[in-house]
Amino acid sequence: QVQLVESGGGLVQAGGSLRLSCDTSGITTRIITMGWYRQAPGKQRELVASISGGSTNYADSVKGRFSISRDITKNTVFLQMNSLKPEDTAVYYCNVRLWPGNAYWGQGTQVTVSS
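Residues numbered from 1 in each chain as written. Predicted model: local features only at pLDDT ≥ 70, side-chain atom pairs only at ≥ 80, totals over all residues. Heavy atoms only, no water.

Enquirer: Any chance you could explain the nonpolar core here in plain terms?
Expert: General note: in soluble globular proteins, nonpolar side chains tend to be found buried as a group. Ranked by size, the top nonpolar core spans 30 residues in total, and within it W36, L79, M81 and Y92 carry the most contacts. Among the elements of the structure, β3 (18–25), β4 (31–39), β5 (46–52), β7 (66–71), β8 (76–81), β9 (90–98) and β11 (109–114) are those that each provide at least two residues to this core. Of all the elements, β9 adds the most residues to this core, at 5 residues. (Core = buried A, V, L, I, M, F, W, Y, C linked by side-chain atoms within 4.5 Å. Buried < 20%, exposed > 50% of the residue type's maximum accessible area, 1.4 Å probe, protein only. Helix = DSSP H or I, 4+ residues; strand = E, 2+ residues; numbered from the N terminus.)

Enquirer: Sorry if this is basic, but what is going on with the pairing of β11 here?
Expert: Looking down a regular strand, the side chains alternate between one sheet face and the other. On β11, burial follows the alternation: T109, V111 and V113 on one face are buried, whereas Q110, T112 and S114 on the facing-out side are not. Both strand β2 (residues 10–13) and β11 contribute to a ladder of 4 bridges, which runs parallel. Directly across from V12, in β11, lies its bridge partner V113. Pairing of β9 with β11 involves 3 bridges; the strand directions are antiparallel. The residue of β11 that forms the bridge with A90 is V111. (Pairing = 2+ DSSP bridges.)

Enquirer: Please clarify how the pairing of β7 should be interpreted in this entry.
Expert: Pairing of β7 with β8, which is carried by 6 bridges, proceeds in the antiparallel orientation. The residue of β8 that forms the bridge with F66 is M81. Linking two consecutive strands that pair antiparallel, namely β7 and β8, is a turn of 4 residues; a positive phi of about 50° is found at N75 within it.

Enquirer: So what exactly am I meant to see when it comes to the packing of aromatic side chains here?
Expert: Two aromatic rings, taken as a pair, are described by how far apart their centres are and by the angle between their planes. On inspection of all chains with the given rule, the structure shows 2 aromatic pairs. Consider the rings of Y37 and W105, whose centres lie 4.9 Å apart with planes at 65°: the pair is edge-to-face. With Y37 in strand β4 and W105 in strand β10 (residues 103–105), this residue pair connects regions lying 68 residues apart in the sequence. When its relative accessible area of 23% is taken as the criterion, Y37 is described as partly exposed. Between Y93 and W105 the ring centres are 6.5 Å apart and the planes differ by 85°, which places this aromatic pair in the edge-to-face class. Of this pair, Y93 sits in strand β9 while W105 is found in strand β10, placing the two residues 12 residues apart along the sequence. Aromatic rings pair up to connect Y37, Y93 and W105 into one cluster. Against the face of F78 rests R19, its NZ or CZ located 4.3 Å from the ring centre. Here the guanidinium or amino end of R45 rests over the ring plane of W105, the centre of that ring lying 4.6 Å away. (Phe/Tyr/Trp six-rings, centres within 6.5 Å; stacked < 30°, edge-to-face > 60°. Lys NZ or Arg CZ within 6 Å of the ring centre and 35° of its normal.)

This is the structure we're talking about:
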């Protein structure tokens, strides 16, 4: 059974940094993509960043501030968030897409940025 567990969220002042981690277990097939999504109150869940092989993809709103990385040996994915803004406040979810196409989600971790 595939499980994803996020950690690293919390309360931070604007301009601060947080590092999110997503630990996985139960993965037995090839990972196609690992990514981070977020959902703010009253808004749809949106892609923040994803990593596939050596390629990364970022939402325009976080480019230059956030960085996604992956520990291949542990199937762990990280999201380094710098220069945080109040509009980054959301629940952040880890997502993994496995071959041949199943996707899995973590339970989410709250990130709150105060102004």
